[in-house]
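# Structural features, examined
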Amino acid sequence: NLYELSEETRTFDEIICFEVLEHLRRDKDVVREFHRILRPGGTLHVCCPNRLHPRHQVEVLDQEERGGHVRAGYTAEEYRTLLEPAGFRIEPVVGIGSPSVYHADRFLRAIRNTAGDLAALPLLPMVLPLVWAARFDPKVPFSLYARAVKD
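Calculation rules
Residues numbered from 1 in each chain as written. Predicted model: local features only at pLDDT ≥ 70, side-chain atom pairs only at ≥ 80, totals over all residues. Heavy atoms only, no water. Helix = DSSP H or I, 4+ residues; strand = E, 2+ residues; numbered from the N terminus. Phe/Tyr/Trp six-rings, centres within 6.5 Å; stacked < 30°, edge-to-face > 60°. Buried < 20%, exposed > 50% of the residue type's maximum accessible area, 1.4 Å probe, protein only. Lys NZ or Arg CZ within 6 Å of the ring centre and 35° of its normal. Core = buried A, V, L, I, M, F, W, Y, C linked by side-chain atoms within 4.5 Å. Contact = heavy atoms within 4.5 Å. Arc of directions from axis to C-beta. Salt bridge = Lys/Arg side-chain N within 4 Å of Asp/Glu carboxyl O.

In this section: unusual backbone geometry. Keep in mind that most residues, glycine aside, have a negative phi and that most peptide bonds are trans. With a phi angle near 55°, E19 is a residue other than glycine that sits in the positive phi range. Mapped onto the fold, E19 is located in the loop between β1 (12–18) and α1 (27–37). Here the phi dihedral of E65 falls at roughly 55°; this positive angle occurs in a residue that is not glycine. Take E65: it is sitting in the loop between α2 (54–57) and α3 (76–83).

Our focus in this paragraph is the packing of aromatic side chains. Tallied over the full model, the rule gives 1 aromatic pair. Aromatic pair Y74 and Y79: ring centres 5.6 Å apart, planes at 20°, arrangement stacked. We note that Y74, like Y79, is buried. Directly above the aromatic system of Y3 lies the positively charged group of R26, at a separation of 4.0 Å from the ring centroid.

This brings us to the nonpolar core. One finds L21, F34, L44, V46, Y79, L83 and F88 to be the most contacted residues of the largest nonpolar core, which totals 23 residues. Taken together, the elements giving at least two residues each to this core come down to β1, α1, β2 (38–49), α3, β3 (88–90) and β5 (143–150). Setting aside its immediate chain neighbours within four residues, F34 contacts L2, L5, I15, C17, L44 and F88. Residues A104, L108, A120 and L123 belong to the second largest nonpolar core, which totals 5 residues.

Within the span of α3, buried status applies to Y79, L82 and L83. Seen end-on, α3 carries its buried residues on one side only, within an arc spanning 80°. Against α1, β2, β3 and β5 lie the buried residues of α3.

We now examine the pattern of salt bridges. In a structure, side chains of opposite charge can pair up when their charged atoms sit close to one another. Per the stated rule, a full pass over the model turns up 13 salt bridges. A salt bridge links R39 to D13; the shortest N-O distance between them is 3.0 Å. Of this pair, R39 sits in strand β2 while D13 sits in strand β1, placing them 26 residues apart in sequence. With its nearest N and O atoms 2.6 Å apart, the salt bridge here joins E91 to R147. Pair noted here: E91 is in the loop between β3 and β4 (94–96) and R147 is in strand β5, with a separation of 56 residues, a long-range link. Take R147: its relative accessible area is 30%, and that puts it in the partly exposed class. Put simply, R89, E91, R147 and D151 are held in one network by salt bridges that share partners.

Take a look at the structure:
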């Protein structure tokens, strides 16, 4: 439970927080605890939905914090507002997830939701070319990755 990080006594060189903060109302508290348990020079790798992506703008938010998104994501500026006051220095924010990856994900999720994981498995080779296309810079990335260093 990330809300119990205040009890953590160990320290770490790196923390990977992948597609998590958008599920937490108290994201600032969690980020402060990440900073506390990182060693000097330690790195926080954070990736969350890009709030500006059309899919995230229309999402129904989970205000009760039951596992869904409590916010539509973050922008690069919102990462700075969240991470810098906690003591992090942010290196360039990178957009990941092109429209092709978004459509592949949507297709596979629809199959998985209606027919199950085993039905989606044989379809993976069909969507791999879409993953290859993700190397091109998307107009509106699906997610944003930031590398934040504890000074």
